[in-house]
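# Chain and residue survey
Residues per chain, in single letters:
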Amino acid sequence: MDAETLKTIAGHGDDKSAIRDVIHYTYFEEEAEARSFARAVLAQGFHDVALGQPGLSDGDTGYVIRAHHDGTLIEGDISKRLSTIRQLAEKFSGDYDGWEAALVLKD
C-alpha cells in the first residue's frame, strides 16, 4: 500500500526528495498502551506526538496517537520510519492506520 501511495504521489509531480512533515496515526484500546507508545516514538525522533479520543462522542473509548516526523518520501527514508513506527505499534498492541503528507511540487 505504501509503494502504491508513493507512486500516486509521484504521479502528481511530487518532489520526493523535499523534506516535509509526515503525520502518522496509530490506534489503541487502552490509554496506558497509547501513552507508552507515545514515549517510545518520541525516543525514536518523532515529534508533536499527541494523544486523542476521536470517537468519544460516539461512545468509542479508544485512543489515537498522532505523531510527526520530518523527512522525504524517498523510499529508503520513509520505509525506515514506517518500519520503526509499525514495530512500536505492534509492541504496544496498537493498530497503525497510516500516514499522510503534503505534496511538494517540483519547480
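These figures come from a predicted structure and were not determined experimentally.

### With respect to the nonpolar core
- Residues F37, V41, L73, I85 and W99 are the most contacted members of the largest nonpolar core, which totals 22 residues.
- Put simply, the parts of the chain that give this core at least two residues each are helix 1 (2-11), strand 1 (20-28), helix 2 (31-43), strand 3 (63-71), helix 3 (75-91) and strand 4 (95-101).
- Here L73 is in contact with L6, I9, D14, K16, R20, V22, I78 and W99, once residues within four sequence places are set aside.

### A word on the sheet that holds strand 3
- The antiparallel open sheet is built from four strands, whose spatial order is 2-3-1-4. Edge positions in the sheet fall to strand 2 (47-52) and strand 4, since each has one partner strand and no second. Averaged over all pairs of adjacent strands, the angle between strand axes in this sheet comes to 20°, irrespective of strand direction.
- Here strand 1 pairs with strand 3 via nine bridges, running antiparallel. Along strand 3, the bridge assignment pairs D21 with D70.

### Here we look at the side chain of T72
- Looking at the secondary structure, you find T72 in the loop between strand 3 and helix 3.
- There is a polar contact of 3.2 Å between the side chain of T72 and the backbone nitrogen of I74.
- Beyond its immediate chain neighbours, meaning those up to four positions away, T72 contacts K16, S17, A18, I19, D77 and I78.

### Topic: unusual backbone geometry
- For D48, which is not glycine, the phi dihedral falls at a positive 45°.
- With respect to the element layout, D48 can be found in strand 2.
- Unlike most non-glycine residues, S93 shows phi in positive territory, near 60°.
- Topologically, S93 is positioned in the loop between helix 3 and strand 4.

### Overview of a negative patch on the surface
- A cluster of acidic residues, D21, D48, D70 and E100, forms a negative patch on the protein surface.
- With relative accessibility at 52%, the residue D48 sits in the exposed group.

Rules behind the numbers
- Residues numbered from 1 in each chain as written.
- Predicted model: local features only at pLDDT ≥ 70, side-chain atom pairs only at ≥ 80, totals over all residues.
- Heavy atoms only, no water.
- Core = buried A, V, L, I, M, F, W, Y, C linked by side-chain atoms within 4.5 Å.
- Buried < 20%, exposed > 50% of the residue type's maximum accessible area, 1.4 Å probe, protein only.
- Helix = DSSP H or I, 4+ residues; strand = E, 2+ residues; numbered from the N terminus.
- Contact = heavy atoms within 4.5 Å.
- Pairing = 2+ DSSP bridges.
- Axes fitted to C-alpha atoms, helices over the stretch in contact; angles between N-to-C directions.
- Polar contact = N/O pair within 3.5 Å; in protein donor to acceptor, adjacent residues only side chain to side chain.
- Patch = residues over 30% accessible without salt bridge, like charges linked within 9 Å, V, L, I, M, F, W, Y side chains within 5 Å.
- Areas by Shrake-Rupley, 256 points an atom, 1.4 Å probe, with all protein chains shown as cover.
- Salt bridge = Lys/Arg side-chain N within 4 Å of Asp/Glu carboxyl O.
- Lys, Arg positive; Asp, Glu negative; His and termini not counted.
- Charge placed at Lys NZ, Arg CZ, Asp CG, Glu CD.

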